[in-house]
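So the chains spell out like this:
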Amino acid sequence: MAGEFAARSLQKKRKKWSRKDIRHNKKVKAKMGKGKREDLLGGSPQARGIVIEKRGVTAKQPNSGIRKCVRVQLIKNGRQLTALAPYDGAIKFIDEHDEVTIEGIGGAQGGPKGDLWGVKYRVTHVNGIALEMLRTGRKEKVKR
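J.: Break down the pairing of strand β1 (residues 46-58) for me, with residues and values.
T.: Note that β1 and strand β4 (residues 99-104) share five bridges and pair antiparallel. Its bridge partner being in β4, I50 is matched across the sheet by E99. Where β1 and strand β2 (residues 66-74) come together, nine bridges link them in antiparallel fashion. Opposite T58, over in β2, you have I66 as the bridge partner.

Pasting the structure below:
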């Protein structure tokens, strides 16, 4: 069909198929972003935030127990999230209004790990001191 006088029909075909192309179609483009989970840290590996409250999160079935977590408001964008205080007795060293550093908890595709519903982050530092150091007694928390 690509003969000497076929230019008009070729243009029409090109126009027809360009509407079906993802790069040109606004409706398809709008749907492409949907379904992706939003990363609260904005793509960065760690973020700092202020502790709003301490709370216990119950584990999913078949496990039982209350996992110690904190509600944190991020400094960079003001969003709130729930972060786990890992290991035994770590929650004792975190108080309200402390500045904490959080990181991803390491679940599949950036999601929650294990039996914790909706908890995707964990606390690593409190007021600039590693939580592990505080927990093992190698350092003391700075009194502000």
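J.: Outline the pattern of salt bridges, supporting the account with residue identities and numerical values.
T.: Counted under the stated rule, the structure contains seven salt bridges. Salt-bridge contacts for D95 lead to K141; the nearest nitrogen and oxygen are separated by 2.8 Å. With a gap of 46 residues between them, D95 in the loop between β3 (80-84) and β4 and K141 in the segment after α3 (131-136) connect regions that are remote in the sequence. Judged by relative accessible area, D95 falls into the partly exposed class, the value being 34%. The buried category is assigned to K141, whose relative accessible area is 16%. Between E103 and R122 there is a salt bridge, and its shortest N-O distance comes to 2.8 Å. Here the residue E103 occupies a position in strand β4, and R122 occupies one in strand β5 (residues 121-126), the gap between them amounting to 19 residues. For R122, a relative accessible area of 30% corresponds to the partly exposed category.

J.: Kindly report on helix α1 (residues 7-20), identifying the contributing residues and their values.
T.: An α-helical turn contains 3.6 residues, so a residue and the one three or four places further along point in the same direction. In this model, α1 (14 residues) spans 21 Å end to end at C-alpha, consistent with the 20 Å of a helix rising 1.5 Å per residue. Burial of α1 is sparse: only zero of the 14 residues sit out of reach of the surface.

Rules used throughout
Residues numbered from 1 in each chain as written. Predicted model: local features only at pLDDT ≥ 70, side-chain atom pairs only at ≥ 80, totals over all residues. Heavy atoms only, no water. Pairing = 2+ DSSP bridges. Helix = DSSP H or I, 4+ residues; strand = E, 2+ residues; numbered from the N terminus. Salt bridge = Lys/Arg side-chain N within 4 Å of Asp/Glu carboxyl O. Buried < 20%, exposed > 50% of the residue type's maximum accessible area, 1.4 Å probe, protein only. Expected span 1.5 Å × (residues − 1).

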